[in-house]
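Secondary and tertiary structure notes
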Amino acid sequence: MTQSHQSSTTSPAGFGGAQKVGRWWLAAWERRFVARHLHRIPAWLETHHLTLMTLPWCVAVLAAGWLAAHVDLRWLSLASLAIALQYGTDLFDGAIGRARDTGLVRWGYYMDHLLDFAFLCSIGIAYMWIVPVAAQPWMLGLFGLMATLMASEFLAFGATNEFRISHFGVGPTELRIALVGANQAVVALGTDALAQALPYVVGATALAGGLVVFQAQKRIWALDMKAKARPTEETEESSFRRAA
């Protein structure tokens, strides 16, 4: 059973970016974990510090990819560690802002997701360094699909003022776990296994992404139809009142 999660951030009037809407498997566990360990965050470490820490995690991923490609594939475990650390700072940055009332909601929305995209780029570059040349087009295609899905979510937010971060029970946490698992599988099985798996990964991602985009456009279409119907309903109601 999936768990629903919605941020309780006090947001500026009309701004939906502070409310992360979605259902994913580990949401309930995350809430309990944050509540249990939030007091351990030092007072000098604020929400914007945690947000900006994605930058060194990007550098760590790039370094891991280069070292894995040129020194030893086991350096890819450093990328797994960076993914875990980025998850930790991302998990606590909003909670710290809410608990201390020091959050910058609009700045946090912008920088958090901009840096998430930078982190995705660093992972894509790292994998382009280690994947065999013949499989690089597949890796580029996978990166393009992931970037397109991120763009779709931000465009959908602009159209609906509702920011969804999960689909089919899969959210950012589950994706990070999958990335760590992929890293360690490459370390154990080698890059040839990665090259063989990539076409299937790209196909599954394209299918899932297509369903996400289809659902988003369907939801936005319904909002447009509702908006088009409202003036007609108001006109009919006004005519009825005049007749009465």
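Below, the structure is looked at part by part. If you're wondering where the values come from, they're calculated on a predicted model, not measured in any experiment. (Residues numbered from 1 in each chain as written. Predicted model: local features only at pLDDT ≥ 70, side-chain atom pairs only at ≥ 80, totals over all residues. Heavy atoms only, no water.)

Regarding the pattern of salt bridges
Oppositely charged side chains may form a pair once their charged atoms are brought near each other. Under the definition given, this model contains four salt bridges. The partner of Asp72 in a salt bridge is Arg74, and the shortest N-O contact between them spans 2.9 Å. For Asp72, a relative accessible area of 26% puts it in the partly exposed group. In this structure Arg74 comes out as exposed when scored by relative accessible area, which is 59%. One salt bridge connects Glu162 with Arg164, and the closest N-O pair in it is separated by 3.0 Å. The exposure class assigned to Glu162 is partly exposed, which follows from its relative accessible area of 28%. Of the residues examined, Arg164 reaches a relative accessible area of 24% and is grouped as partly exposed. (Salt bridge = Lys/Arg side-chain N within 4 Å of Asp/Glu carboxyl O. Buried < 20%, exposed > 50% of the residue type's maximum accessible area, 1.4 Å probe, protein only.)

What about unusual backbone geometry?
Positive phi, normally seen in glycine, also occurs at Asn161, with a value near 60°. Among the secondary structure elements, Asn161 is positioned in the loop between α6 (136-160) and β3 (163-164). Residue classification places Asn161 among the partly exposed positions, given a relative accessible area of 36%. Although it is not a glycine, Phe168 sits at a positive phi angle of roughly 55°. (Helix = DSSP H or I, 4+ residues; strand = E, 2+ residues; numbered from the N terminus.)

Section: α6
Look at α6: 36 Å from first C-alpha to last across 25 residues, which is about the 36 Å you get at 1.5 Å a residue. Those residues of α6 not exposed but buried are Met139, Leu142, Ala147, Ser152, Glu153, Ala156, Phe157 and Thr160. Looking one or two residues beyond α6, the residue adopting positive phi is Asn161, at roughly 60°. (Expected span 1.5 Å × (residues − 1).)

Digging into the environment of Trp24
Here Trp24 is to be found in strand β2 (residues 20-24). For Trp24, a relative accessible area of 3% puts it in the buried group. Taking the C-alpha atoms as reference, Trp24 lies 4.0 Å from Gly169; in sequence the two are 145 residues apart.

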